[in-house]
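# Topology and contacts: notes
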Amino acid sequence: VRKYSSLLFPPIFDHFLYDYINAFRPKYVQASISLEEPQTSESVDSDDVIAKLSFDMQSILEKLLEKAEINGKPFDQTPAILLIIALITSNMRTLKSLTAKFEVMKLLHRCVPLVDLSVVADRILPYLVEMISDNMVQVRCEAIYSVTSLLTSFKEIPKYETRLFIDYLFPRLSTCLNQSTIFQKIFSLDKNPVVRITLAQNLGDLAEASFRFIHEGQKNLTEDLLGGSIITEMDDSERGERLARQEIKALQQTVIDIFVNLCDSDNNVKHSVVTSQSLVKLCHFFDRRKGRNYFHLFSGVGIQLTENDVQ
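The sections below set out a description of the structure shown in this document. (Residues numbered from 1 in each chain as written. Predicted model: local features only at pLDDT ≥ 70, side-chain atom pairs only at ≥ 80, totals over all residues. Heavy atoms only, no water.)

## Some details on the overall build of the protein
- Assigned secondary structure in the protein consists of 15 helices and four strands.
- Here the protein holds 311 residues, and the buried ones make up 44% of them.
- Taking all contacts inside the protein whose residues are at least 6 apart in sequence as the whole, residues at least 24 apart take part in 70%.
- Per element, the accessible surface of the protein, about 17,900 Å² overall, is 52% carbon and sulfur. (Helix = DSSP H or I, 4+ residues; strand = E, 2+ residues; numbered from the N terminus. Buried < 20%, exposed > 50% of the residue type's maximum accessible area, 1.4 Å probe, protein only. Contact = heavy atoms within 4.5 Å. Areas by Shrake-Rupley, 256 points an atom, 1.4 Å probe, with all protein chains shown as cover.)

Dropping the structure here:
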């Protein structure tokens, strides 16, 4: 390993990262002189780990961006940020303070520019989505903003993440809104209207981002997918168009379900979901792909809510 370590690991691993990460490992202490007594471990508190990382993050990023060479050839050290991401996410579930939970979301966002978008979708997004189920209202609200900011920042859509909204994110949000007994039992969520208001304020941005994802997926319909379709009486082109329409319809229905749930809340939530900025984005989302009937639906809802408010 020593012989080939310089070829397998970036220089920063030996010079900095190994010792830095090792400092956070549990320390095992022998309770007594007797070897029969079990060892006890002393772990660094997760809140303290995040506080330390927050303080050191700028220096860590600068070290990762330093120019390095192996055998006279340039070597990119930025992929080593995955070790820092692993350290961050391994401490997220045991965080206790509001400050630490807010800070951990900021830390993950700071890692995004250094990794591939597929890594963002697989290793960062799920942890931010999980924060939407936190027991603190402020954290759940901030997590919704954090997830929205992350997904709307994608300049390119990873090939295998195009169904991220319809298969993963929107079902989680719908379940959160429905407040089912099972979901409450698992995630201990309450029905705080502030969380719904936050989601209402971000629904337009999420809907627009979801269309970008699903539209990109339509470009990547493979022969295997089309060949496995139950629609067999059409050629590949026709089947592709048919599947695309079905996915758009399913996506629109999911957004409608979330919208209806929000409109079924108290007046503050209703007013948040039908603000001019949010409603325009939702109308644009449904106006695509011949969805103009939804445009009139949302416009009508907005007018009705406004009239009720005036009365």
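Picking up where we left off.
## Describing the nonpolar core
- Leu-53, Ile-81, Ile-88, Ile-124, Leu-151, Phe-165 and Leu-169 are the most contacted members of the largest nonpolar core, which totals 82 residues.
- When residues of this core are assigned to their parent elements, the largest contribution, eleven residues, is made by helix α10 (residues 193-219).
- Setting aside anything within four residues of it in sequence, one finds Leu-151 in contact with Leu-125, Leu-164, Phe-165, Leu-169, Ala-209, Arg-212 and Phe-213. (Core = buried A, V, L, I, M, F, W, Y, C linked by side-chain atoms within 4.5 Å.)

## Examining helix α6 (residues 117-130)
- Taking 1.5 Å per residue, 14 residues should reach 20 Å; α6 reaches 19 Å between its end C-alpha atoms and fits that length.
- In the structure, α6 departs most strongly from a straight axis at Ile-124, where the bend amounts to approximately 40° and where the proline Pro-126 lies between one and four residues downstream.
- Within α6 the residues assigned to the buried category are Val-119, Val-120, Ala-121, Ile-124, Leu-125, Leu-128 and Val-129. (Expected span 1.5 Å × (residues − 1). Bend = angle between axes of the 7 residues up to and from the residue.)

## Comments concerning the packing of helix α2 (residues 11-22) against helix α3 (residues 46-64)
- With their axes 12 Å apart at the nearest point, α2 and α3 run at an angle of 170° to one another. The orientation of α2 with respect to α3, classified from their angle, is roughly antiparallel. Between α2 and α3, the residues in contact are Ile-12, Phe-16 and Tyr-20 and Lys-52, Leu-53, Asp-56, Ile-60, Lys-63 and Leu-64, respectively.
- Looking at the contact of α2 with α3, its residues break down into six nonpolar, no polar and three charged. (Axes fitted to C-alpha atoms, helices over the stretch in contact; angles between N-to-C directions. Parallel < 35°, antiparallel > 145°, perpendicular 65-115°, else oblique. Nonpolar A, V, L, I, M, F, W, Y, C, P; charged D, E, K, R; others polar.)

## Comments concerning the pattern of salt bridges
- Considering all chains together, one arrives at five salt bridges under this definition.
- Measuring nitrogen to oxygen at the nearest pair gives 3.1 Å for the salt bridge that ties Lys-52 to Asp-56. Of the two residues, Lys-52 and Asp-56 are both situated in helix α3; the distance of four residues between them amounts to about one turn of the helix.
- Exposure remark for Asp-56: the relative accessible area of 12% places this residue in the buried category. (Salt bridge = Lys/Arg side-chain N within 4 Å of Asp/Glu carboxyl O.)

## Let's talk about the environment of Leu-83
- Note on placement: Leu-83 falls in helix α4 (residues 81-90).
- The partly exposed category is assigned to Leu-83, whose relative accessible area is 35%.

## Here's the deal with α3
- Over its 19 residues, α3 runs only 23 Å from end to end, short of the ideal 27 Å by more than 12%, given 1.5 Å per residue.
- Those residues of α3 lying buried are Ser-46, Asp-47, Val-49, Ile-50, Leu-53, Asp-56, Met-57, Ile-60, Leu-61 and Leu-64.
- Packing partners of the buried residues in α3 comprise α2, α4 and α5 (98-111).
- The backbone nitrogen of Asp-47 has a side-chain oxygen 3.0 Å away, supplied by the residue at the start of α3, namely Asp-45. (Polar contact = N/O pair within 3.5 Å; in protein donor to acceptor, adjacent residues only side chain to side chain.)

## Here's the deal with the side chain of Thr-78
- Tracing the backbone through its elements, the reader meets Thr-78 in the loop between β4 (73-75) and α4.
- Separated by 2.7 Å, the side chains of Thr-78 and Asp-76 make a polar contact.
- Other than its neighbours up to four places away in sequence, Thr-78 contacts Leu-64, Leu-65 and Leu-114.

## What to know about the packing of aromatic side chains
- Tallied over the entire structure, the rule returns seven aromatic pairs.
- Residues Phe-13 and Tyr-18 carry aromatic rings whose centres are separated by 6.0 Å and whose planes lie at 65° to one another, so their mutual orientation is edge-to-face.
- The partly exposed category is assigned to Tyr-18, whose relative accessible area is 45%.
- On the numbers, 5.4 Å between centres and 70° between planes, the contact of Tyr-20 with Phe-24 is edge-to-face. This pair shows no difference in class: Tyr-20 is buried, exactly as Phe-24 is.
- It is Lys-63 that lies over the ring of Phe-16; its NZ or CZ is 5.1 Å from the centre. (Phe/Tyr/Trp six-rings, centres within 6.5 Å; stacked < 30°, edge-to-face > 60°. Lys NZ or Arg CZ within 6 Å of the ring centre and 35° of its normal.)

## Remarks on the packing of α4 against α5
- Axis separation between α4 and α5 bottoms out at 11 Å; the angle between their running directions is 165°. As summarised for this structure, α4 and α5 are arranged roughly antiparallel, according to the angle between their axes. Helix-helix and strand crossings are classified by hand; for α4 and α5 the assignment is left-handed. Packed against α4, whose contacting residues are Ile-81, Ile-85, Ile-88 and Thr-89, the element α5 presents Val-104, Leu-107, Leu-108 and Cys-111 at the interface.
- In terms of residue class, the contact of α4 with α5 is made up of seven nonpolar, one polar and no charged. (Left-handed = near helix turned anticlockwise from the far one by under 90°.)

## Points about the environment of Thr-162
- Note on placement: Thr-162 falls in the loop between α7 (137-152) and α8 (164-178).
- The class of Thr-162 is buried, set by a relative accessible area of 10%.
- Thr-162 sits 50 residues away from Arg-212 along the chain, and the two C-alpha atoms are 8.4 Å apart.

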